[in-house]
Structures are given as C-alpha cells and as structure tokens.
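Structure assessment
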Amino acid sequence: MKILIVEDERRVVNFLQKGLKNEDNQVDIAEDAATAEKLVCENDYNFILLDWMLPDKSGLELCRGWRAENITVPIIVLTARDATKDIVTALDSGADDYIVKPFSFSELLARMRALQRRAAENNNNNELTIEDLTLNIHRREAVRGDTIIYLSTREFALLEFLMQNKGNVISKAKISEHVWGFAFETRTNLIEVYINHLRNKLNCGSKTPLIHTVKGAGYVMKNFETEIK
Ligand code: CA
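Everything quoted here is computed from the prediction, not taken from an experiment.

**Some remarks on the overall build of the chain**
- Scanning the chain from N- to C-terminus turns up eight helices and 11 strands.
- The C-alpha atoms of the chain give a radius of gyration of 24 Å, which is well past the 17 Å a tight globule of 229 residues would have.
- With the C-alpha coordinates of the chain rotated into their principal frame, the extents come out at 75 × 35 × 30 Å.
- A total of 229 residues make up the chain; the buried ones form 40% of that total.
- Taking all contacts inside the chain whose residues are at least 6 apart in sequence as the whole, residues at least 24 apart take part in 55%.
- Taken as a whole, the chain presents about 12800 Å² of accessible surface, with 47% of it coming from carbon and sulfur.
- Across the chain, the 30 positively charged side chains and the 34 negatively charged ones have centroids separated by 6 Å.

Okay, structure coming up:
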C-alpha cells in the first residue's frame with residue numbers, strides 16, 4: 001500500500017515509518033500541512049495517517065478540505081487528545097478513525113485492516129461484474145479489460161438492469177418498463193437498437209459477446225460457462 005504520514009513529531013514519524021515499511025508499504029512523509037496538500041494532489045494514497053496538531057494548519061482542517069474535494073482515501077487521525085468531544089470533532093471532520101497517542105503499532109495495523117475491509121465492502125456494493133466487464137454504479141463507469149466504455153444514460157441503465165439480473169432471461173417488456181419507465185408497443189424495435197449499440201460497445205472490436213438473445217423470450221447476460229436459467 002501507498003501510505004502518507006502527516007506528522008511533525010520526528011519520533012512518531014520514525015516509529016510509524018519503520019513499522020509500515022516492515023509491512024512492505026511505500027511511505028511518504030509530510031511534516032507540515034502545505035507539504036501534505038501538495039503530496040495528496042500529486043499521488044493516489046491508500047491511507048493517510050494524520051496528526052491533529054501541525055505547525056501550519058490543523059490536521060482536521062486538512063481533512064475537511066480533502067473531503068470537500070471528494071478525496072475519499074481512508075484517514076486515521078493521530079492525536080494526544082482523548083476527550084469524547086475531540087473524537088467527535090475528528091470524525092465529523094471526515095476522518096474514518098482516530099487513535100490516541102501513545103498507541104501500539106499492532107493496534108494501528110488492526111484499525112487499518114478494519115478500514116480496508118469496510119472500503120472493500122463498499123466497493124463491492126458499487127460494482128457489478130461479468131467476466132472482464134465491470135460496471136461501477138457509483139462512478140457511472142463501465143470498463144472491459146483495460147478499456148473504458150462510454151455509455152449514454154439510457155445505455156448505462158440498460159446495462160445495469162441486465163447485469164443486476166445476470167444469468168436470467170429478461171423480456172423486452174420488462175426492459176422497457178424498467179429502463180424507459182413504460183411498456184412499448186411490441187412492434188417497436190427500439191430495445192433491439194439499444195441492445196445492438198451496447199453489444200458493439202461492449203465487444204470493443206473482437207471480444208466475446210456477453211449479451212445473448214434468447215429467441216422469443218428476451219435477452220440474457222451471462223458468464224461464458226453459465227447455463228441459461
Ligand atoms: Ca503534532
């Protein structure tokens with residue numbers, strides 16, 4: 001993992017740096033808020049360990065600023081303050097967790113693992129996958145292999161609906177109700193047109209098809225190996 005330590009106390013920096021490097025992490029150090037802001041602008045970190053009292057700005061101010069910019073990296077605040085109101089202030093500033101100095105390194109690692117698990121669960125809830133295709137609902141992004149696929153709002157809704165029902169055959173009537181909000185006349189070929197657009201985009205040239213037509217019944221998205229239910 002790539003971790004940023006924002007801390008002006010040398011002794012604490014050394015203790016953290018040594019421990020985190022032993023765990024095979026890549027570690028950057030910022031001894032003041034200005035350096036931290038610059039590093040966060042230029043790098044993608046998996047974690048930030050953030051001291052509350054910094055020489056040029058409060059760590060919580062930094063935290064609020066990053067959250068306002070939609071920077072979602074997990075942040076643990078390190079501080080000597082242990083009053084309940086201080087903990088509440090830190091968490092309300094957008095920190096994910098809080099650890100009171102002096103702390104043991106094993107406790108810090110355990111808290112980091114807990115945050116990682118939570119982050120992974122959130123990611124899973126936001127993502128639908130079939131084979132090498134991933135749809136990120138939160139970021140409104142479709143990726144197949146290494147290729148980002150640009151979809152219109154309607155194409156995205158259609159793909160999301162098919163992927164949510166992975167492995168099940170979905171009728172055109174269901175698609176029109178769910179994606180367009182009303183039932184089309186059966187003779188319309190609008191859904192076929194959209195399905196073809198989607199297929200072309202998802203196939204990225206020569207990839208294996210993921211959307212299959214089930215004659216007289218509708219469409220199904222499935223893994224290559226799965227039987228149609
Ligand atoms: Ca400090």
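There is more to say after this.
**Re the nonpolar core**
- Within the largest apolar cluster, 23 residues are counted, with the highest numbers of intra-cluster contacts made by L133, L159, L162, I175, L202, I211 and M221.
- At six residues, the largest contribution of residues to this core is made by helix α6 (residues 153–164).

**Notes on the pattern of salt bridges**
- This model, assessed by the stated rule, comprises 16 salt bridges.
- Between D97 and R111 there is a salt bridge, and its shortest N-O distance comes to 3.0 Å. Note that D97 is positioned in strand β5 (residues 97–100) and R111 in helix α5 (residues 105–126), a separation of 14 residues in sequence.
- Note on D97: relative accessible area 16%, which makes it buried.

**Focus: the domain arrangement of the chain**
- Once the domains are mapped, the chain shows domain 1 (2–120) and domain 2 (126–221).
- If you average the C-alpha positions of domain 1 and of domain 2, the two centres end up 41 Å apart.

**Remarks on the environment of N46**
- Secondary-structure assignment places N46 in the loop between α2 (33–42) and β3 (47–51).
- Residues contacting N46, with those up to four places away along its chain left out, are M1, K2, V73 and P74.
- A polar contact of 2.6 Å, which involves the side chain of N46, links it to the backbone nitrogen of K2.

**Describing the sheet that holds strand β1 (residues 2–6)**
- Pairing in this open sheet of five strands is parallel, and the strands run β2-β1-β3-β4-β5 from one edge to the other. Looking at strand neighbours, the two that pair on one side only are β2 (26–30) and β5, the edges of this open sheet. Taking the axes of each pair of neighbouring strands and ignoring which way they run, one obtains an average angle of 20° across the sheet.
- Together, β1, β2, β3 and β4 (75–79) form the strand contacts of helix α1 (residues 10–22), whose direction differs from that of β2 by roughly 165°.
- Helix-sheet contacts for helix α3 (residues 59–68) involve β1, β3 and β4, and the interaxial angle to β3 is about 145°.

**Some thoughts on the coordination of the calcium ion**
- Bound to the calcium ion on the protein side are D8 (OD), D51 (OD) and M53 (O), at distances that span 2.1 to 2.3 Å.
- A relative accessible area of 33% means that D8 is categorised as partly exposed.

**Re the pairing of strand β10 (residues 211–214)**
- Here β10 pairs with strand β11 (residues 218–221) via four bridges, running antiparallel. Across the sheet, the residue bridging to H212 is V220, located in β11.
- Here β10 folds back onto β11 in antiparallel fashion, the turn holding three residues, of which G216 has a positive phi close to 75°.

What counts and how
- Residues numbered from 1 in each chain as written.
- Predicted model: local features only at pLDDT ≥ 70, side-chain atom pairs only at ≥ 80, totals over all residues.
- Heavy atoms only, no water.
- Helix = DSSP H or I, 4+ residues; strand = E, 2+ residues; numbered from the N terminus.
- Rg over C-alpha atoms; globule rule 2.2 N^0.38 Å.
- Buried < 20%, exposed > 50% of the residue type's maximum accessible area, 1.4 Å probe, protein only.
- Contact = heavy atoms within 4.5 Å.
- Areas by Shrake-Rupley, 256 points an atom, 1.4 Å probe, with all protein chains shown as cover.
- Lys, Arg positive; Asp, Glu negative; His and termini not counted.
- Charge placed at Lys NZ, Arg CZ, Asp CG, Glu CD.
- Core = buried A, V, L, I, M, F, W, Y, C linked by side-chain atoms within 4.5 Å.
- Salt bridge = Lys/Arg side-chain N within 4 Å of Asp/Glu carboxyl O.
- Domains from an automatic or database assignment.
- Polar contact = N/O pair within 3.5 Å; in protein donor to acceptor, adjacent residues only side chain to side chain.
- Pairing = 2+ DSSP bridges.
- Axes fitted to C-alpha atoms, helices over the stretch in contact; angles between N-to-C directions.
- Donors = N, O, S within 2.8 Å, 3.2 Å for Na, K, Ca; no water.

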